[in-house]
Amino acid sequence: MDLSAPEIRVLGCLLEKQRTTPDAYPLSLNALRLACNQATNRDPVTEYDEAVIRDALHRLSRRRWARLASGAGSRAPKYRHLLDEALGLPEDELAVLCVLMLRGPQTPGELKQRTERLHPLADLAAVLDALERLIGRDLAARLPRRPGQKEERYTHLLGDDEAEPRTPAASGAPAPHWTPPPPAGAEVEDAAQAPSPPPVAAAPAAAPAPDPRVARLEDEVAALRADVAALRASLDALRADLGA
């Protein structure tokens, strides 16, 4: 897959809004712009204008992954995705893939929480099962653990713009440079001339771990605000059609 970042964001937003605000779906260009650029439930946060989104829709249409869905008499063009038809994925895989497209690499625990409004998954085993099926289709990959992180993270493979190394060897880090040892006797002379090291500052106390319940409530409130914004945009488009 070689989707661009705007294509991935547009496709993810169409898929998300189809599930969360079905009454406002398909989306007008303005509603899709608001969905792409919303400051919550998105990583990274973007500022795409209508020209960028229109170009992404054109490219997705050529792939047969999106199409115009408004009627001939509608003043505001509306768009829908064709991802479920193009890939033939079940609902659980679509939900996981959608959240990966909108929020980047995540752990199974994060995916379990963030797919609730799209397609609830029973437990972590169900999340891992969906991930393994996506990996088998070459649509997702497992990433190495970050230092101090217990859970593995997963990413989508729809485009290379957000890709991370799947193994430490692929990170591209340069090999350590070998320095020859000093001549005999130089260590004593250097030690005598070297200044004493400065005192080491005490490490700051570790911040308390955030309460996962608070994070979940914040995500739910942010998602509701985004849904209200999409509904308002759709109502504005409907008023424009009725006033034509």
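Criteria and cut-off values
- All residue numbers refer to position in the chain's written sequence, counted from 1.
- Local features in this predicted model are restricted to residues of pLDDT 70 or higher, and side-chain atom pairs are both shown and tallied only at a pLDDT of 80 or more, whereas totals for entire chains, interfaces and linings draw on every residue.
- Just so you know, side-chain values use all the structure's heavy atoms and leave hydrogens and water out.
- What counts as a salt bridge is simple: a side-chain nitrogen of Lys or Arg found within 4 Å of a carboxyl oxygen of Asp or Glu.
- Helix and strand definitions here come from DSSP, where helices need a minimum of 4 consecutive H or I residues and strands a minimum of 2 consecutive E residues; each element is numbered from the N-terminal end.
- Only strands that DSSP links by at least two bridges are regarded as paired with each other.
- Values of pLDDT, which run from 0 to 100, indicate the predictor's confidence residue by residue.
- Contacts were defined at the residue level, with two residues in contact if any of their heavy atoms lie within 4.5 Å.
- Put simply, a nonpolar core is a bunch of buried Ala, Val, Leu, Ile, Met, Phe, Trp, Tyr and Cys residues held in one set by side-chain atoms that sit within 4.5 Å of each other.
- Residue burial is assigned from relative accessible area. The probe radius is 1.4 Å, only protein chains are included, and a residue is buried under 20% of its type maximum, exposed over 50%, and partly exposed in between.
- In this scheme, a helix's expected span is set at 1.5 Å multiplied by one less than its residue total.
- This arc is built from the directions going out from the helix axis to the C-beta atoms.
- Polar contact criterion, stated in full: a pair of N or O atoms within 3.5 Å, where within protein one must be able to donate a hydrogen and the other to accept it, and residues adjacent in sequence count only if both atoms are side-chain atoms.
- Axis geometry follows a simple rule: fit a line to the C-alpha atoms, using only the stretch in contact for helices, then measure angles between N-to-C directions, giving values from 0 to 180 degrees.
- For classification purposes, angles smaller than 35 degrees are called roughly parallel, those larger than 145 roughly antiparallel, those between 65 and 115 roughly perpendicular, and all remaining angles oblique.
- Asp, Glu, Lys and Arg are counted as charged, while Ala, Val, Leu, Ile, Met, Phe, Trp, Tyr, Cys and Pro are counted as nonpolar; the rest, among them Gly, fall into the polar class.

Novice: Provide a residue-level description of the pattern of salt bridges, including the pertinent values.
Specialist: Once their charged atoms are close, side chains differing in charge can pair, the charge on each being opposite to the other. In total, this model carries 15 salt bridges according to the counting rule given. Residue R80 pairs with E85 through a salt bridge whose shortest N-O separation is 3.7 Å. As a salt-bridge pair, R142 and E152 come within 3.3 Å of each other at their nearest N and O atoms. Here R142 is found in strand β4 (residues 140–143), whereas its partner E152 is found in the loop between β4 and β5 (153–156), with ten residues between them in sequence.

Novice: Describe the sheet that holds strand β2 (residues 66–68), listing the residues and the values that go with them.
Specialist: Strand order in this open sheet of three strands is β1-β3-β2, and the pairing throughout is antiparallel. Each having just a single partner strand, β1 (27–28) and β2 make up the two edges of the open sheet. Looking at chain direction, β2 and strand β3 (residues 78–81) are connected through three bridges and run antiparallel. Looking at the pairing, L68 lines up with Y79 of β3.

Novice: Can you explain the confidence of the model for the protein? Please cite residues and give values.
Specialist: If pLDDT is low for a region, its predicted coordinates should not be looked at in detail. Across the protein, pLDDT averages 80, with 64% of residues at or above 70. Long-range and interchain partners of residues 167–180, a stretch whose pLDDT sits below 50, account for four contacts in this model, where long-range means more than four residues apart.

Novice: Kindly report on the nonpolar core, identifying the contributing residues and their values.
Specialist: If you look at soluble globular proteins, the nonpolar side chains tend to sit buried side by side. Judged by nonpolar contacts, the single largest core of 44 residues is most densely connected at V10 and L32. Listed by contribution, the elements that provide at least two residues to this core are α1 (5–20), α2 (29–37), α3 (50–62), α5 (91–103) and α7 (124–136). Among the elements that take part in this core, α5 stands out by supplying nine residues, more than any other. Setting aside its immediate chain neighbours within four residues, V10 contacts L32, C36, I53, A56, L57 and L60.

Novice: Quick rundown of the pairing of β5? Include the residues and the values.
Specialist: The alternating pattern of β5 places R153 and T155 on one face and Y154 and H156 on the opposite face, and all of these are buried. For β4 and β5, the ladder comprises four bridges, and the chain directions are antiparallel. Across the sheet, R142 pairs through a bridge with Y154, a residue of β5.

Novice: I'd like to hear about α7, residue by residue, with values.
Specialist: With 13 residues, α7 extends 18 Å between its outermost C-alpha atoms, agreeing within 8% with the 18 Å of an ideal straight helix rising 1.5 Å per residue. Taken together, the buried positions of α7 are V127, A130, L131 and L134. The arc enclosing the buried residues of α7, seen along the axis, measures out at 100 degrees, which places them on a common side. Looking at α7, the residues exposed on the side facing more than 90 degrees away from the buried face are A125 and G136. In this structure, the buried side of α7 is in contact with α5, α6 (108–114), β4 and β5. N-capping of α7 is provided by D123, with a side-chain oxygen placed 3.2 Å from the backbone N of A125. Downstream of α7 by one or two residues, D138 has phi in the positive range, about 60 degrees.

Novice: Can you break down the environment of V127 residue by residue, with the values?
Specialist: Residue position: V127 is located in helix α7. Placed 31 residues apart in sequence, V127 and V96 show a C-alpha to C-alpha distance of 7.7 Å. Beyond its immediate stretch of four places on either side in the chain, V127 contacts P108, L111, K112 and L121.

Novice: Can you lay out the environment of E7 for me, pointing to particular residues and giving the numbers?
Specialist: With respect to the helices and strands, the residue E7 is situated in helix α1. A residue is classified by how much of its surface remains accessible, and E7, at 3% relative accessible area, is buried. Separated by 152 residues in the primary sequence, E7 and G159 place their C-alpha atoms 9.1 Å from one another.

Novice: Summarise the packing of α1 against α2; cite the residues concerned and give the values.
Specialist: At a minimum axis distance of 9 Å, the contact between α1 and α2 shows a crossing angle of 105 degrees. Between α1 and α2, the angle falls in the class roughly perpendicular. Contacts from R9, V10, C13, L14 and K17 of α1 reach α2 at L32, A35 and C36. Looking at the contact of α1 with α2, its residues break down into six nonpolar, no polar and two charged.

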